[in-house]
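Secondary and tertiary structure notes
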Amino acid sequence: MEEIEKKLDEAYSWARKDDYEKALALCDAVIQAHPSFPNGKRTRAAIYARKGDIDRAIADITDVIAKEPDDPSHYFFRGWWYLDSGNAKQAIEDLTKALALGKNNDNYHDESTYFFRATAHLREGRYNEALADCQHVRDDFMIYIKSAGKISKADIEREATAGKEK
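Residues numbered from 1 in each chain as written. Predicted model: local features only at pLDDT ≥ 70, side-chain atom pairs only at ≥ 80, totals over all residues. Heavy atoms only, no water.

1. Describing helix α7 (residues 110-123)
Rules: Per the convention used, a helix needs a DSSP run of H or I reaching at least four residues, while a strand needs a run of E reaching at least two, with both numbered from the N terminus. Take the number of residues in a helix, subtract one, and multiply by 1.5 Å to get its expected span. With a 1.4 Å probe rolled over the protein chains alone, any residue whose accessible area is under 20% of its type maximum counts as buried; one over 50% counts as exposed, and the rest are partly exposed. Contact definition: two residues touch when any of their heavy atoms are within 4.5 Å.
Under the 1.5 Å per step criterion, the end-to-end length of α7 is 20 Å for 14 residues, consistent within 8% with the ideal 20 Å. Within α7, eleven of the 14 residues are buried, which leaves it mostly tucked inside the rest of the structure. Of the surrounding elements, those touching the buried residues of α7 are α5 (72-84), α6 (88-102), α8 (127-134), β1 (142-145), β2 (149-152) and α9 (153-165). G125 sits one or two residues past α7 and shows a positive phi near 75°.

2. Let's talk about the side chain of N39
For the record, the criterion: Polar contacts here mean pairs of N or O atoms no more than 3.5 Å apart (in protein, one a potential hydrogen donor and the other a potential acceptor; neighbouring residues in sequence count only if both atoms are side-chain atoms).
Tracing the chain through its elements places N39 in helix α3 (residues 39-51). Residue classification places N39 among the buried positions, given a relative accessible area of 15%. Side chain to side chain, N39 and E5 meet in a polar contact 2.4 Å long. Once residues lying within four places of it in the same chain are set aside, the contact partners of N39 are E5 and L8.

3. Observations regarding the environment of M1
By secondary structure assignment, the location of M1 is in the segment before α1 (2-16). With 36 residues separating them in the primary sequence, M1 and F37 have C-alpha atoms 9.5 Å apart.

4. A word on the packing of aromatic side chains
The geometry of an aromatic ring pair comes down to the distance between the two centres and the angle between the two planes. In plain terms, the rule: Between rings of Phe, Tyr and Trp, where Trp is taken as its six-membered ring, a pair exists when centres lie within 6.5 Å; planes separated by under 30 degrees are stacked, by over 60 edge-to-face, and by other angles tilted. In this scheme, the term charge over a ring applies when either NZ of a lysine or CZ of an arginine sits within 6 Å of the ring centre and within 35 degrees of the ring normal.
Counted under the stated rule, the structure contains seven aromatic pairs. The interplanar angle of 75° and the centroid separation of 5.0 Å between the aromatic rings of F76 and F77 together place this pair among those described as edge-to-face. By relative accessible area, which is 3% here, F76 ends up buried. Relative accessible area serves as the criterion here: at 26%, F77 is assigned to the partly exposed category. With 4.9 Å between their ring centres and 55° between their planes, F115 and F141 make a pair best called tilted. One end of the pair, F115, is in helix α7; the other, F141, is in the loop between α8 and β1, and 26 residues separate them in sequence. The exposure classification of F115 matches that of F141, with both residues buried. An aromatic cluster is defined as three or more aromatic residues linked by ring pairs; in this entry it consists of F76, F77, W80, W81 and F116. Taking NZ or CZ as reference, K17 lies 4.7 Å from the ring centre of W14, over its face. For the cation-ring pair, K22 lies above W14, with the distance from its terminal atom to the ring centre recorded as 4.1 Å.

5. Looking at the environment of I58
The topology assignment puts I58 in helix α4 (residues 54-67). By relative accessible area, which is 9% here, I58 ends up buried. With sequence-adjacent residues up to four places away left out, I58 is seen in contact with R78, W81, Y82 and S85.

6. What about unusual backbone geometry?
One non-glycine residue, D18, lies in the positive phi region at around 65°. One can find D18 in the loop between α1 and α2 (20-33). Assessed through its relative accessible area of 53%, D18 is described here as exposed.

This is the structure we're talking about:
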(Lines give C-alpha, C1' and ligand atoms only; values in the text may rest on other atoms or scores of the structure.)
Protein backbone atom coordinates (compact mmCIF):
# COMPACT_ATOMS: atom_id res chain seq x y z
CA MET A 1 0.00 0.00 0.00
CA GLU A 2 2.79 2.41 0.82
CA GLU A 3 4.25 2.00 -2.68
CA ILE A 4 0.84 2.69 -4.23
CA GLU A 5 0.43 5.87 -2.17
CA LYS A 6 3.90 7.02 -3.24
CA LYS A 7 2.91 6.62 -6.90
CA LEU A 8 -0.28 8.57 -6.34
CA ASP A 9 1.62 11.32 -4.51
CA GLU A 10 4.01 11.44 -7.45
CA ALA A 11 1.05 11.67 -9.82
CA TYR A 12 -0.32 14.68 -7.99
CA SER A 13 3.15 16.25 -7.99
CA TRP A 14 3.15 16.03 -11.78
CA ALA A 15 -0.29 17.63 -11.85
CA ARG A 16 1.00 20.56 -9.77
CA LYS A 17 3.60 21.05 -12.52
CA ASP A 18 0.78 20.96 -15.09
CA ASP A 19 2.09 17.72 -16.58
CA TYR A 20 -1.29 16.07 -16.67
CA GLU A 21 -0.22 13.40 -19.14
CA LYS A 22 2.31 11.94 -16.68
CA ALA A 23 -0.01 12.45 -13.73
CA LEU A 24 -2.92 10.66 -15.34
CA ALA A 25 -0.70 7.87 -16.69
CA LEU A 26 0.51 7.11 -13.15
CA CYS A 27 -3.05 7.07 -11.85
CA ASP A 28 -4.20 4.84 -14.70
CA ALA A 29 -1.41 2.38 -13.94
CA VAL A 30 -2.43 2.21 -10.27
CA ILE A 31 -6.11 1.83 -11.20
CA GLN A 32 -5.33 -1.00 -13.62
CA ALA A 33 -3.10 -2.82 -11.14
CA HIS A 34 -5.45 -2.28 -8.15
CA PRO A 35 -9.01 -1.76 -9.48
CA SER A 36 -10.70 -2.29 -6.10
CA PHE A 37 -8.47 0.25 -4.32
CA PRO A 38 -10.36 3.61 -4.42
CA ASN A 39 -7.36 5.92 -3.97
CA GLY A 40 -6.35 5.63 -7.63
CA LYS A 41 -9.65 7.05 -8.84
CA ARG A 42 -9.80 9.52 -5.95
CA THR A 43 -6.43 10.96 -6.96
CA ARG A 44 -7.30 10.88 -10.65
CA ALA A 45 -10.54 12.76 -9.87
CA ALA A 46 -8.57 15.49 -8.09
CA ILE A 47 -6.18 15.71 -11.04
CA TYR A 48 -9.04 15.98 -13.52
CA ALA A 49 -10.59 18.74 -11.39
CA ARG A 50 -7.28 20.59 -11.26
CA LYS A 51 -7.01 20.23 -15.03
CA GLY A 52 -10.53 21.64 -15.43
CA ASP A 53 -12.11 18.41 -16.69
CA ILE A 54 -14.94 18.53 -14.14
CA ASP A 55 -17.10 15.89 -15.83
CA ARG A 56 -14.36 13.29 -15.56
CA ALA A 57 -13.60 14.37 -12.00
CA ILE A 58 -17.24 13.87 -11.07
CA ALA A 59 -17.35 10.48 -12.82
CA ASP A 60 -14.30 9.22 -10.93
CA ILE A 61 -15.39 10.46 -7.53
CA THR A 62 -18.83 8.94 -8.15
CA ASP A 63 -17.10 5.57 -8.63
CA VAL A 64 -15.21 6.16 -5.38
CA ILE A 65 -18.46 6.98 -3.57
CA ALA A 66 -19.88 3.65 -4.73
CA LYS A 67 -16.97 1.92 -2.97
CA GLU A 68 -16.82 4.21 0.09
CA PRO A 69 -20.31 5.69 0.55
CA ASP A 70 -19.76 6.85 4.13
CA ASP A 71 -16.81 9.19 3.58
CA PRO A 72 -18.01 12.82 3.77
CA SER A 73 -14.99 14.16 1.89
CA HIS A 74 -16.06 12.39 -1.31
CA TYR A 75 -19.42 14.16 -1.24
CA PHE A 76 -17.70 17.43 -0.37
CA PHE A 77 -15.49 17.29 -3.43
CA ARG A 78 -18.23 16.11 -5.76
CA GLY A 79 -20.51 18.86 -4.44
CA TRP A 80 -17.78 21.43 -5.03
CA TRP A 81 -17.26 20.15 -8.57
CA TYR A 82 -20.99 20.14 -9.26
CA LEU A 83 -21.05 23.77 -8.11
CA ASP A 84 -18.16 24.54 -10.46
CA SER A 85 -20.03 22.89 -13.33
CA GLY A 86 -23.15 25.00 -12.69
CA ASN A 87 -25.25 22.21 -11.18
CA ALA A 88 -26.26 23.95 -7.96
CA LYS A 89 -29.10 21.55 -7.19
CA GLN A 90 -26.83 18.48 -7.21
CA ALA A 91 -24.19 20.46 -5.31
CA ILE A 92 -26.69 21.13 -2.52
CA GLU A 93 -27.55 17.42 -2.31
CA ASP A 94 -23.92 16.32 -2.05
CA LEU A 95 -22.86 19.07 0.34
CA THR A 96 -25.82 18.29 2.58
CA LYS A 97 -24.82 14.62 2.54
CA ALA A 98 -21.23 15.57 3.44
CA LEU A 99 -22.44 17.54 6.44
CA ALA A 100 -24.73 14.72 7.57
CA LEU A 101 -21.99 12.10 7.30
CA GLY A 102 -19.47 14.32 9.05
CA LYS A 103 -21.82 15.18 11.90
CA ASN A 104 -20.28 12.73 14.38
CA ASN A 105 -16.71 13.34 13.24
CA ASP A 106 -14.40 16.30 13.27
CA ASN A 107 -14.89 17.00 9.58
CA TYR A 108 -12.31 19.58 8.57
CA HIS A 109 -14.28 20.42 5.42
CA ASP A 110 -17.36 21.66 7.30
CA GLU A 111 -16.77 25.39 6.99
CA SER A 112 -16.04 25.12 3.27
CA THR A 113 -19.00 22.77 2.88
CA TYR A 114 -21.36 25.32 4.41
CA PHE A 115 -19.84 28.04 2.26
CA PHE A 116 -20.19 26.08 -1.00
CA ARG A 117 -23.74 25.11 -0.06
CA ALA A 118 -24.56 28.76 0.70
CA THR A 119 -23.26 29.65 -2.76
CA ALA A 120 -25.36 26.90 -4.33
CA HIS A 121 -28.46 28.03 -2.39
CA LEU A 122 -27.85 31.56 -3.63
CA ARG A 123 -27.70 30.33 -7.23
CA GLU A 124 -30.99 28.52 -6.71
CA GLY A 125 -32.63 31.66 -5.28
CA ARG A 126 -32.90 30.07 -1.84
CA TYR A 127 -31.84 33.18 0.03
CA ASN A 128 -32.87 32.19 3.57
CA GLU A 129 -30.96 28.91 3.26
CA ALA A 130 -27.89 30.75 1.95
CA LEU A 131 -27.97 33.13 4.91
CA ALA A 132 -28.46 30.24 7.35
CA ASP A 133 -25.40 28.44 5.97
CA CYS A 134 -23.36 31.63 6.29
CA GLN A 135 -23.90 31.44 10.06
CA HIS A 136 -21.43 28.52 10.08
CA VAL A 137 -18.71 30.46 8.27
CA ARG A 138 -16.16 32.94 9.65
CA ASP A 139 -16.76 36.57 8.66
CA ASP A 140 -13.47 36.80 6.78
CA PHE A 141 -14.02 33.55 4.85
CA MET A 142 -13.28 33.77 1.14
CA ILE A 143 -12.75 31.11 -1.47
CA TYR A 144 -12.13 30.83 -5.17
CA ILE A 145 -14.66 28.97 -7.29
CA LYS A 146 -13.69 28.47 -10.92
CA SER A 147 -17.16 29.26 -12.19
CA ALA A 148 -17.48 32.48 -10.18
CA GLY A 149 -14.05 33.70 -9.12
CA LYS A 150 -13.39 34.95 -5.60
CA ILE A 151 -16.41 34.93 -3.33
CA SER A 152 -16.56 36.10 0.27
CA LYS A 153 -19.11 35.49 2.99
CA ALA A 154 -20.01 39.17 2.74
CA ASP A 155 -20.71 38.74 -1.00
CA ILE A 156 -23.13 35.89 -0.34
CA GLU A 157 -24.86 37.73 2.50
CA ARG A 158 -25.20 40.90 0.42
CA GLU A 159 -26.66 39.05 -2.58
CA ALA A 160 -28.98 36.89 -0.46
CA THR A 161 -30.27 39.90 1.47
CA ALA A 162 -30.86 41.81 -1.76
CA GLY A 163 -32.61 38.77 -3.25
CA LYS A 164 -34.95 38.49 -0.27
CA GLU A 165 -35.92 42.17 -0.65
CA LYS A 166 -37.07 41.79 -4.27
